[in-house]
Amino acid sequence: MKAAKVLFRCLMVVVVLVLAIMVMRSIMRPEKFRTVYNERCELIKEKLITIRDIQAVYKNESKKYFADADSLADYALNGTVSIIKNVGDIPEGMNEKDALKAGLLHKETVEISTMEKVMETDATRKPENFNNLQYVLHKGGPKFNIQTGSIASKTYEIPVYMIVVPLDDILADMDKAITPDNASPFKKFINKIFYNGLSEETQYRSQYKDMVMGSLTEASTSGNWE
């Protein structure tokens with residue numbers, strides 16, 4: 001009789017423990033999914049904004065947009081941009097036009113790096129922001145897919161582009177990101193209980209969306225987060 005009571009109590013402890021884990025999973029899993037999704041979207045958004053600025057510089061130079069992420073990334077690191085700068089001084093009381101006419105000032109075309117030109121648009125941007133721009137999250141992962149086209153106006157064709165970052169790319173290697181290979185055995189065990197297969201949970205995935213920047217039907221380079 002005593003042994004039966006002990007066994008019953010042990011079973012109750014196990015049942016309570018399992019129920020507690022299930023309750024914690026129901027709370028922690030959607031919150032972890034939301035956190036990872038939002039953190040990754042912020043990183044991707046920064047890349048997309050940099051790509052948008054590079055596309056603008058390239059369009060100003062060539063009248064078209066990059067259709068390939070690898071070519072864009074190479075242009076960002078190794079490309080040059082032609083700019084026209086004033087050489088000379090404008091005397092006090094004289095405007096630029098008169099200084100040019102008087103020969104005190106002349107315009108000169110110089111080459112600067114694409115990186116330098118793009119960094120002018122955002123003082124907080126750093127050189128490392130231009131590394132691996134073709135990749136959605138990290139080197140070796142999914143790449144940005146750039147779609148290009150044109151819209152006919154009354155007088156000329158307007159080049160357009162669109163980048164769609166699928167939810168699958170945003171969540172790529174999510175389980176490994178939550179539990180990296182160098183995690184402790186204890187952390188691996190706990191995360192397996194609470195977060196295993198999290199990126200495949202359709203009930204969570206349905207609440208989130210792809211990231212989109214630009215359009216093929218209108219002359220817009222806005223992102224759907226703006």
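Residues numbered from 1 in each chain as written. Predicted model: local features only at pLDDT ≥ 70, side-chain atom pairs only at ≥ 80, totals over all residues. Heavy atoms only, no water.

Participant: Can you explain the environment of Lys59? Please cite residues and give values.
Facilitator: Assignment of secondary structure puts Lys59 in helix α1 (residues 2-62). Note: C-alpha distance between Lys59 and Pro159 (100 residues apart in sequence) is 8.6 Å. When near neighbours in sequence (up to four residues on either side) are disregarded, Lys59 contacts Lys64, Tyr65 and Pro159. (Helix = DSSP H or I, 4+ residues; strand = E, 2+ residues; numbered from the N terminus. Contact = heavy atoms within 4.5 Å.)

Participant: Residues and numbers for the confidence of the model for the protein, please.
Facilitator: Overall, the prediction assigns the protein a mean pLDDT of 86, with 94% of residues at 70 or greater. Within the protein, helix α3 (residues 96-101) has the poorest average pLDDT of any element, 73, and strand β5 (residues 211-214) the best, 96. (pLDDT = per-residue confidence, 0-100.)

Participant: Describe the pattern of salt bridges, with residues and values.
Facilitator: With the rule as written, the count across this model stands at 8 salt bridges. Between Glu31 and Arg34 there is a salt bridge, with its nearest N and O atoms 2.6 Å apart. Of this pair, Glu31 and Arg34 both sit in helix α1, separated by 3 residues, roughly a single helical turn. Close ionic contact of Asp53 with Arg125 constitutes a salt bridge, the shortest N to O distance being 2.8 Å. With Asp53 in helix α1 and Arg125 in the loop between α4 (114-119) and β3 (146-152), the pair connects residues that are 72 residues apart, well separated along the chain. For the pair Asp53 and Arg125, a shared accessibility class is recorded, and that class is buried. (Salt bridge = Lys/Arg side-chain N within 4 Å of Asp/Glu carboxyl O. Buried < 20%, exposed > 50% of the residue type's maximum accessible area, 1.4 Å probe, protein only.)

Participant: Could you give an account of the sheet that holds β3, with specific residues and numbers?
Facilitator: Across the sheet, 3 strands lie side by side as β3-β4-β5; this open sheet has antiparallel pairing. The open sheet is flanked by β3 and β5, the only strands paired with a single partner. For this sheet the average axis-to-axis angle between neighbouring strands, irrespective of direction, equals 20°. Taken together, the 4 bridges between strand β4 (residues 157-165) and β5 define a ladder with antiparallel strand orientation. From the neighbouring strand, Ile163 faces β5, where its bridge partner is Met213. (Pairing = 2+ DSSP bridges. Axes fitted to C-alpha atoms, helices over the stretch in contact; angles between N-to-C directions.)

Participant: Report on the environment of Tyr195, specifying residues and quantitative values.
Facilitator: Tracing the sequence through the fold places Tyr195 in helix α7 (residues 185-195). Considered as a pair, Tyr195 and Lys32 are 163 residues apart in the sequence and their alpha carbons are 8.0 Å apart. Dropping the residues within four chain positions of it, Tyr195 is found in contact with Met28, Arg29, Lys32, Asp175 and Ile178.

Participant: Outline unusual backbone geometry, listing residues and values.
Facilitator: As a rule of thumb, non-glycine residues mostly have phi less than zero, and peptide bonds are mostly trans rather than cis. Positive phi, close to 65°, is recorded for Lys63, a residue that is not glycine. Locating Lys63 in the fold gives a position in the loop between α1 and α2 (69-78). Overall, the relative accessible area of 62% leaves Lys63 in the exposed class. Located in the positive-phi region is Asp173, a residue other than glycine, with phi close to 55°. With respect to the element layout, Asp173 can be found in the loop between α5 (167-170) and α6 (174-178).

Participant: Outline the nonpolar core, supporting the account with residue identities and numerical values.
Facilitator: Membership of the largest hydrophobic core comes to 40 residues, with the highest contact counts inside it found for Phe144, Ile163 and Val165. Among the elements that make up this core, the one with the highest residue count is α1 (10 residues). When sequence neighbours within four positions are dropped, the list of residues in contact with Val165 reads Ile44, Leu48, Val136, Phe144, Ile170, Asp210 and Met211. (Core = buried A, V, L, I, M, F, W, Y, C linked by side-chain atoms within 4.5 Å.)

Participant: Lay out α7 with the relevant residues and their values.
Facilitator: Taken together, the buried positions of α7 are occupied by Asn191, Phe194 and Tyr195. Each buried residue of α7 lies within a common arc of 70° when the element is viewed along its axis, so the set occupies one face. Exposed side chains of α7 directed beyond 90 degrees from the buried face belong to Pro185, Phe186, Phe189 and Lys192. The positive-phi residue at the C-terminal boundary of α7 is Gly197, with phi of around 70°. (Arc of directions from axis to C-beta.)

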